[in-house]
Amino acid sequence: MPNEKTSVDQWVRNEINNLNIPYTEQTSDITVVKNALKHASKQGGTGVGKPEFVFTINKQLIIVEDKPQLSELIRLSDDQKVDLQIPAATAKFAVNGAIHYAKQIVLNTSGDDFSEILAIGVAGNYENHKALIYQVSRDETANVNIKEIGILNDWQQLSPSNFDEWYAVNVLGDLSSSQKDELDLKQFASKMHEDLRN
C-alpha cells in the first residue's frame, strides 16, 4: 500500500528510487520482518507496524519514517536520549517512529540477520528537509542499543556501490579510502625522508 502523498514522502521515495534498489512501503516483503511488525503499532495498540519505507542494501535492513514538518524530526527525553514513549513520541516524530520499528524487529527476530538495523527519520519537504540515521542493535543478552550515526546529506552514500565504505566509516568508525591513502602516503613520505637522511 503506498504512503500518503506528502511532499516528504515523494522526496524520500525519489531518493530511494535513485538508489536503484527494491523497497516496500508500509510493509516488508521479508517474512520475518513482516511477522516482527505484526503487533508493532507506534500508536500503542496491537495493530500492525507500518514503516513508511523498508529496504535492504548489501544485506543491511533499513527502516525509514518521515514527517512533513521539520519540527517533527525527533523528540528527545529529559536525559537527551531518543524518546520512545508510545504514542506521544513514536507516532509523532520521524526518528522516534523509525527507531520504534527497528527495535521491534531486533527484539522479535532471532539470529544475527536482523540483530542490527539502520533507522532513518526524515522531516520536512522537497526544498527543506533533514534526515538522521540511528543504529538499533541487539546484543548477546537481548539488550537493545541505540546509537546516533548522524545526518544523511546525500542518499547516494547508501547506494550499493558506496554503502560498504559509508558503513565502515560512519557506523564502525574506520578511515575512509581517501584517509587511508593519505595516511599511507604520509607514512611513505616519512620513510623516504628518513632513508634520504641516512
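In this text, all values refer to a predicted model and were calculated from it rather than measured experimentally.

Chemist: Quick one: what's the story with the nonpolar core, residue by residue and with numbers?
Modeler: Side chains of a nonpolar character, in soluble globular proteins, are inclined to be buried together. One finds Val12, Val64, Ile120, Val122, Trp155, Leu158 and Trp166 to be the most contacted residues of the largest nonpolar core, which totals 24 residues. Elements with a minimum of two residues in this core: α1 (7-17), β2 (53-57), β3 (60-67), β4 (116-124), β5 (129-138) and α4 (160-170). Here the element with the most residues in this core is α1; it accounts for 4 residues. When neighbours within four sequence positions are excluded, Val12 is seen to be in contact with Phe53, Val64, Asp66, Val122 and Trp155. In terms of nonpolar packing, the next biggest core, distinct from the first, is built from 23 residues, Ala40, Tyr101, Ile105 and Ile117 among them.

Chemist: Please provide a residue-by-residue account of the pairing of β4, values included.
Modeler: Burial analysis of β4 places 9 of its 9 residues in the buried class, the great majority of the element. Residues of β4 alternate between two faces, with Glu116, Leu118, Ile120, Val122 and Gly124 on one and Ile117, Ala119, Gly121 and Ala123 on the opposite face, all of them buried. Bridge count for β3 against β4 is 6 bridges, and the pairing is parallel. Note on β4: the bridge partner recorded for Ile62 is Leu118. After leaving β3, the chain enters helix α3 (residues 94-107) and then returns to the sheet as β4, a path that is right-handed. Here β4 runs beside β5; their pairing, made up of 9 bridges, is antiparallel. Across the sheet, residue Glu116 finds its bridge partner in β5, namely Ser137. Counting the residues that bridge the hairpin from β4 to β5 gives 4 residues.

Rules of the game
- Residues numbered from 1 in each chain as written.
- Predicted model: local features only at pLDDT ≥ 70, side-chain atom pairs only at ≥ 80, totals over all residues.
- Heavy atoms only, no water.
- Core = buried A, V, L, I, M, F, W, Y, C linked by side-chain atoms within 4.5 Å.
- Buried < 20%, exposed > 50% of the residue type's maximum accessible area, 1.4 Å probe, protein only.
- Helix = DSSP H or I, 4+ residues; strand = E, 2+ residues; numbered from the N terminus.
- Contact = heavy atoms within 4.5 Å.
- Pairing = 2+ DSSP bridges.
- Right-handed = clockwise from strand over helix to strand, strands pointing away.

No statement about biological role is implied by the geometric values presented.
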